Number of protein chains: 2
Amino acid sequence: MEKALEQLVTALTELPGIGEKTALRIAFFLLRQSRVAERLTVAVANAREKLHECPICQNLTEDRLCSICADGSRDHHTICVVEEPADVLTLEQTHRYRGVYHVLGGVLSPIDNIGPRDLNISTLLERVATGGIAEVILATNPTVEGEATASYVYHQLQSYPIKVTRLARGLPTGVDIGIADLDTLSRAFDDRRDLTTP
Amino acid sequence: MEKALEQLVTALTELPGIGEKTALRIAFFLLRQSRVAERLTVAVANAREKLHECPICQNLTEDRLCSICADGSRDHHTICVVEEPADVLTLEQTHRYRGVYHVLGGVLSPIDNIGPRDLNISTLLERVATGGIAEVILATNPTVEGEATASYVYHQLQSYPIKVTRLARGLPTGVDIGIADLDTLSRAFDDRRDLTTP
């Protein structure tokens, strides 16, 4: 393979979800479609230049504050703690949550040498210490690292007079009980909802 | 979503095989990993600058001629006709073919307004007309467009005293007869190999 082509394929395989075959397909596509290549290059540079962390919640923003922290109609007494900016986008799509967010920027992972100081935990504690916070919802992923991170943050928050909650675990919509894994079923029992007391 | 982020996601979804979710994941990854973003941008620019078509076979190359056309040890009397440069890479991986190639740059597709003049067919005819060619192997894909293109090229080549062949159709290795589609099975009958006459 030509060196310049190989370099491009290598660079593309570094992206998440892109294997060797897809990388090759994208590389040839970019070489054929100059405009797409141009738009991509400009968009990457532009996004890297303009987007920075919101000083309050560490979500990505182009402005001084992110649109959620700057929104006076949101409930600023409730903070939903997530791993990544992408999680904010996902949760916002439910239109169920009206509070604000705090982006940790990852999860605790001793294997990858990521400790509490590598995450935006101290800024969360500062927000809570400043007062005015009623509830912190821990919305890290239901993975080993996500659970460990939620547990760590929970212990850090224990000295403050606030409610700390974790997103419910249970059966995902549309999944048959026969297909659900045993851990999900166990969690569905644990977090079961009382229908008799309103 | 922030505008710069949305532009990046849109640019990424233009790439083949990249849906909205993967694009979002890649976008956030590129914003976090400056070095990967840098390497990608440089690799795209570099590949677009350095790679051009080989004047003989229209494969992509960094040099004057592609490495296959420039290789004196290859059989320059046999030309394998393929749709795209990617096909050359794939066929080379078999190490079965020792001839040279001709890249059409696509397939005939009336729907997309792609006719014979949009493909590198005249340059193929010139190569054959110059003489010294014994066989042309038509290796376009076994799709409707690929077959139509092979058929068109075959008719264009009929006036020359050369052998024109098409890659065999049949059962792919490792696939059970019960799983193969009926067209593949029919082709496997048509192209069946005589084991008794050597």
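Residues numbered from 1 in each chain as written. Chains lettered and ligands numbered in written order. Predicted model: local features only at pLDDT ≥ 70, side-chain atom pairs only at ≥ 80, totals over all residues. Heavy atoms only, no water.

Chemist: Sorry if this is basic, but what is going on with helix α5 (residues 122-129) of chain A here?
Modeler: Along an α-helix, residues three or four apart share an orientation, since each turn contains 3.6 residues. Residues and elements named next belong to chain A. Residues of α5 that are buried include every one of Leu124, Leu125, Arg127 and Val128, and no others. Projected down its long axis, α5 shows its buried positions confined to an angular sector of 155 degrees, all on one face. Just downstream of α5 lies glycine 131, where phi reads positive at about 95 degrees. (Buried < 20%, exposed > 50% of the residue type's maximum accessible area, 1.4 Å probe, protein only. Helix = DSSP H or I, 4+ residues; strand = E, 2+ residues; numbered from the N terminus. Arc of directions from axis to C-beta.)

Chemist: Could you clarify how one ought to interpret the pattern of salt bridges in this entry?
Modeler: Working definition: two side chains of opposite charge can pair if their charged atoms are close together. Tallied over the full model, the rule gives 16 salt bridges over all chains. Two residues, arginine 32 of chain A and glutamate 84 of chain B, come together in a salt bridge whose shortest N-O distance is 3.2 Å. Taken together, the positions of arginine 32 of chain A in helix α2 (residues 20-32) and glutamate 84 of chain B in the loop between β3 (75-82) and α4 (85-92) put the pair across two chains. According to the relative accessible area criterion, arginine 32 of chain A is partly exposed, its value standing at 46%. Two residues, arginine 166 of chain B and glutamate 147 of chain B, come together in a salt bridge whose shortest N-O distance is 3.2 Å. Of this pair, arginine 166 of chain B sits in strand β6 (residues 163-166) while glutamate 147 of chain B sits in helix α6 (residues 144-157), and the two are 19 residues apart along the sequence. Using a relative accessible area of 29% as the deciding quantity, one classes arginine 166 of chain B as partly exposed. Judged by its relative accessible area of 24%, glutamate 147 of chain B falls in the partly exposed class. Each of Glu147, Arg166, Arg169, Asp183 and Arg187 of chain A takes part in a single network of salt bridges with overlapping partners. (Salt bridge = Lys/Arg side-chain N within 4 Å of Asp/Glu carboxyl O.)

Chemist: Any chance you could explain the relation of the copies chain A and chain B here in plain terms?
Modeler: For these two chain copies, the linking operation is a rotation about an axis paired with a shift along it. Take chain A, turn it by 180 degrees, move it 0.0 Å along the axis, and it overlays chain B with an RMSD of 0.1 Å. The transformation relating the two chain copies, once decomposed into turn and shift, fits a two-fold axis. Considering only C-alpha atoms, the part of chain A nearest the rotation axis is threonine 41 of chain A, at 2.9 Å. (Least-squares fit on C-alpha atoms with pLDDT ≥ 70 in both.)

Chemist: Explain the confidence of the model for chain A to me, please; I cannot follow it from the model alone.
Modeler: Low pLDDT means the predicted coordinates in that region are not meant to be read closely. All names here are of chain A. For chain A, the mean per-residue pLDDT works out to 91, and 98% of the residues sit at or above 70. Across chain A, the element-wise mean pLDDT spans from 82 in helix α7 (residues 182-190) up to 97 in strand β4 (residues 99-103). Predicted complex, confidence summary: ipTM 0.76, pTM 0.75. (pLDDT = per-residue confidence, 0-100.)

Chemist: Which parts of the structure should I look at to understand the pairing of strand β3 (residues 75-82) of chain A?
Modeler: Along any regular strand, the residues point their side chains to alternate faces of the sheet. Residue and element names in this part refer to chain A. In this structure, β3 lies alongside β4, joined through five bridges in parallel fashion. Bridge pairing in β4 places valine 82 opposite valine 103. Each parallel crossover has a hand, and the one from β3 via helix α4 (residues 85-92) to β4 is right-handed. Bridging between β3 and strand β5 (residues 135-138) involves four bridges; their strand directions are parallel. Bridge assignment links valine 81 to a residue of β5, and that residue is leucine 138. (Pairing = 2+ DSSP bridges. Right-handed = clockwise from strand over helix to strand, strands pointing away.)

Chemist: Just to check I follow, could you spell out the packing of aromatic side chains for this structure?
Modeler: Where two aromatic rings form a pair, the distance of their centres and the angle of their planes describe that pair. All names here are of chain B. Taken as a whole and assessed by the stated rule, the structure comprises two aromatic pairs over all chains. Centre to centre, the rings of tyrosine 97 and tyrosine 101 are 5.2 Å apart; their planes meet at 65 degrees, and the pair counts as edge-to-face. Judged on exposure class, the residue tyrosine 97 and its partner tyrosine 101 are both buried. (Phe/Tyr/Trp six-rings, centres within 6.5 Å; stacked < 30°, edge-to-face > 60°.)

Chemist: In this structure, what is going on with the environment of histidine 102 of chain A? I would like to understand it.
Modeler: All names here are of chain A. Tracing the sequence through the fold places histidine 102 in strand β4. Note: C-alpha distance between histidine 102 and leucine 91 (eleven residues apart in sequence) is 12 Å. Here histidine 102 is in contact with Ile56, Cys57, Gln58, Ile79, Cys80, Val81, Val82, Asn120, Thr123, Leu124 and Arg127, once residues within four sequence places are set aside. Within the structure, histidine 102 has its side chain in polar contact with the backbone oxygen of asparagine 120 (distance 2.8 Å). (Contact = heavy atoms within 4.5 Å. Polar contact = N/O pair within 3.5 Å; in protein donor to acceptor, adjacent residues only side chain to side chain.)

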